Amino acid sequence: MELHDIISIRDLSKSKINHILKVSEDMEKHGARKNKYLDGKILATLFFEPSTRTRLSFETAMGRMGGSSIGFSESGTTSTSKGESLKDTIRTVESYADAIVIRHPQEGSARLAANVASVPVINAGDGSNQHPTQTLLDLYTIKRETGALKKNIALIGDLKYGRTAHSLAYALSMFGAKMTFISPKGLEMPEEVITDLAKFNTKIEETNDLEGSIPGLDVLYVTRIQKERFPDPEEYEKVKGAYKITLKTLESAKKNSIILHPLPRVDEIAPEVDATKHARYFKQVHYGLPVRMALLGLVMGALD
Ligand code: CP
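Thresholds, definitions, all that
Here the residue numbering is sequential within each chain, running from 1 through the sequence in written order. Predicted model: local features are reported for residues with pLDDT of at least 70 only, side-chain atom pairs are reported and counted for 80 or more only, and whole-chain, interface and lining totals are derived from all residues. Computation of side-chain values covers all heavy atoms of the structure but excludes hydrogens and water. Any carboxyl oxygen of Asp or Glu within 4 Å of a side-chain nitrogen of Lys or Arg constitutes a salt bridge here. Secondary structure elements follow DSSP: runs of H or I no shorter than four residues count as helices, runs of E no shorter than two count as strands, and numbering proceeds from the N terminus. When accessible area is computed with a 1.4 Å probe and restricted to protein chains, residues below 20% of their type maximum are described as buried, those above 50% as exposed, and intermediate ones as partly exposed. Domain boundaries shown here were taken from an automatic or database domain assignment. Between two residues, a contact is recorded if the distance between any of their heavy atoms is within 4.5 Å. Here the buried area means the combined drop in accessible surface, using a 1.4 Å probe, for two parts upon being joined, counting both sides. The term polar contact refers here to a pair of N or O atoms within 3.5 Å; inside protein, the definition further demands a hydrogen-donor-capable atom paired with an acceptor-capable atom, and it admits residues adjacent in sequence only when both atoms are side-chain atoms. Note: two strands are recorded as paired if DSSP finds a minimum of 2 bridges between them. Every axis in this analysis is a line fitted to C-alpha atoms, fitted for helices over the stretch in contact. Angles between the N-to-C directions lie between 0 and 180 degrees. Put simply, a residue is near a molecule or strand once any heavy atom of it comes within 4 Å of that molecule or strand. Only the protein chains shown count as cover for residues, and the accessible areas themselves come from Shrake-Rupley with a 1.4 Å probe. Amino acids outside the nonpolar list (Ala, Val, Leu, Ile, Met, Phe, Trp, Tyr, Cys, Pro) and the charged list (Asp, Glu, Lys, Arg) are all regarded as polar, and Gly is one of them. Ring pairs shown here join Phe, Tyr and Trp side chains whose ring centres sit within 6.5 Å, with only the six-membered ring taken for Trp; geometry is labelled stacked below 30 degrees between planes, edge-to-face above 60, and tilted in between. The criterion for a charge sitting over a ring is simple: Lys NZ or Arg CZ within 6 Å of the ring centre, and within 35 degrees of the ring normal. To qualify as a nonpolar core, a set must consist of buried Ala, Val, Leu, Ile, Met, Phe, Trp, Tyr and Cys residues joined through side-chain atoms within 4.5 Å.

### A look at the pattern of salt bridges
Taken as a whole and judged by the stated rule, the model has 15 salt bridges. Note that Arg-111 is salt-bridged to Asp-11, the shortest N-O span being 3.1 Å. Taken together, the residues Arg-111 in helix 4 (residues 109-116) and Asp-11 in the segment before helix 1 (14-30) connect sequence positions 100 residues apart. We classify Arg-111 as partly exposed; its relative accessible area is 35%. Exposure remark for Asp-11: the relative accessible area of 41% places this residue in the partly exposed category. For Asp-274, the salt bridge goes to Arg-265, with nearest N and O atoms at 2.6 Å. Given a relative accessible area of 23%, Arg-265 falls into the partly exposed group. A network of salt bridges, in which partner residues are shared, links Arg-10, Asp-196 and Lys-199.

### Here's the deal with the domain arrangement of the protein
Per the domain assignment, the segments of the protein are domain 1 (9-130 + 288-299) and domain 2 (132-285). Summarising the inter-unit geometry, the C-alpha centres of domain 1 and domain 2 are found 25 Å apart. Each partner contributes to the interface: domain 1 provides 30 residues, whereas domain 2 provides 27 residues. Carbon and sulfur atoms make up 60% of the area that domain 1 and domain 2 hide from each other, which totals about 2,500 Å². Applying the counting rule to domain 1 against domain 2 returns 3 salt bridges. Residues Glu-49 and Arg-163 are paired through a salt bridge, measuring 3.3 Å at the closest nitrogen-oxygen approach. Counting the contacts that link domain 1 with domain 2 gives 11 residue pairs in polar contact (both at pLDDT 80 or more). Elements supplying a minimum of two residues to the side of domain 1 that touches domain 2: helix 1, helix 2 (53-64), strand 4 (121-126) and helix 10 (281-299).

### Some points on the sheet that holds strand 7 (residues 204-207)
Taken together, 5 strands build an open sheet; the order of strands is 7-6-5-8-9 and the sheet is parallel. Each edge of the open sheet is held by one strand with a lone partner, namely strand 7 and strand 9 (258-260). The sheet shows a mean angle of 20° between the axes of neighbouring strands, direction not considered. Pairing of strand 8 (residues 219-222) with strand 9 involves 3 bridges; the strand directions are parallel.

### Concerning the site of the ligand
Close contacts around the ligand come from Ser-51, Thr-52, Arg-53, Thr-54, Arg-103, His-131, Gln-134, Pro-262 and Leu-263, and that covers them all. At a separation of 2.6 Å, an oxygen atom of the ligand approaches a polar side-chain atom of Ser-51. Expressed as a share of its isolated accessible area of 260 Å², the protein-covered part of the ligand is 91%. Broken down by class, the residue content of the shell around the ligand amounts to 2 nonpolar, 5 polar and 2 charged. Residues lining the shell around the ligand come from more than one domain, with at least three contributed by each of domain 1 (9-130 + 288-299) and domain 2 (132-285).

### As for the packing of aromatic side chains
A full pass over the atoms with the stated rule returns 5 aromatic pairs. The positively charged end of Arg-10 is found above the aromatic ring belonging to Tyr-170, 4.7 Å away from the centroid.

### Concerning the nonpolar core
The biggest cluster of nonpolar side chains holds 59 residues, and the ones touching the most others in it are Ile-17, Leu-139, Leu-155, Phe-181, Met-189 and Leu-296. The element contributing the most residues to this core is helix 10, with 9 residues. If you count residues domain by domain, this core takes at least three from each of domain 1 (9-130 + 288-299) and domain 2 (132-285). Counting residues in each nonpolar core, the second largest holds 19 residues, with Leu-210, Ile-259, Leu-263 and Ile-269 among its members.

Encoded structure:
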């Protein structure tokens, strides 16, 4: 399969996504065993914003496939702090690496990097815009844990600034999921995302009522209200802690329903929920590894 850059989930067809999920399944079968698909290859991870899972899972995936990683997680230690442009940084890094993973606060930055670079570029999150590799691992998790993608799925929390929610809503529409968008007032899914989904005839419900929605759901996809994205801190204070999944919230949940979260969480899922059979967010973290192994192998032409 031809796959060079991964910038937006909108760039991927349904058949490409299905293929990526299939290759991820093959990678999962490898488990922790090392392979040599990317022997001698170098991955650059350029993180201009904080990350735990995305950066470490890409670096682990690279190591598992016989390659190695270079990069930074603190842009203040790089020549960006001397005023170097993103374009010049990318032109430099492409001389050292076979592929680039970038996280940057500015929307469109990953696309800009891909336009400049001759090596594949993977978007690890550009501002509030997109986080396509998170979406692919979310799809993989839903499929592995429920058996299908055509489910009743709620996206809960900060749907305005949440890039994982934007990417996932689009992808789930392609697969015929029924979606409920549950957010506090002011953090609703942006109108342009909803308009975009209309072309799939997706069944969408928008509500502020978490408790009332729970009984019909197969998947609760919970997101953090992201303090760092609010232009006005007072606006954050108004909505923080608006939704919390607790044992009580789950009393009316379907027996087989699952809870996902891209993580990190703050207080939107109570710690006691972790021990319930609904909690799958750490399994979701685990699935990030085979999915990112598949993506690295595909963009560097080691897998097809
Ligand atoms: N889900 C996610 O992107 O996590 P990190 O911010 O820790 O990479």
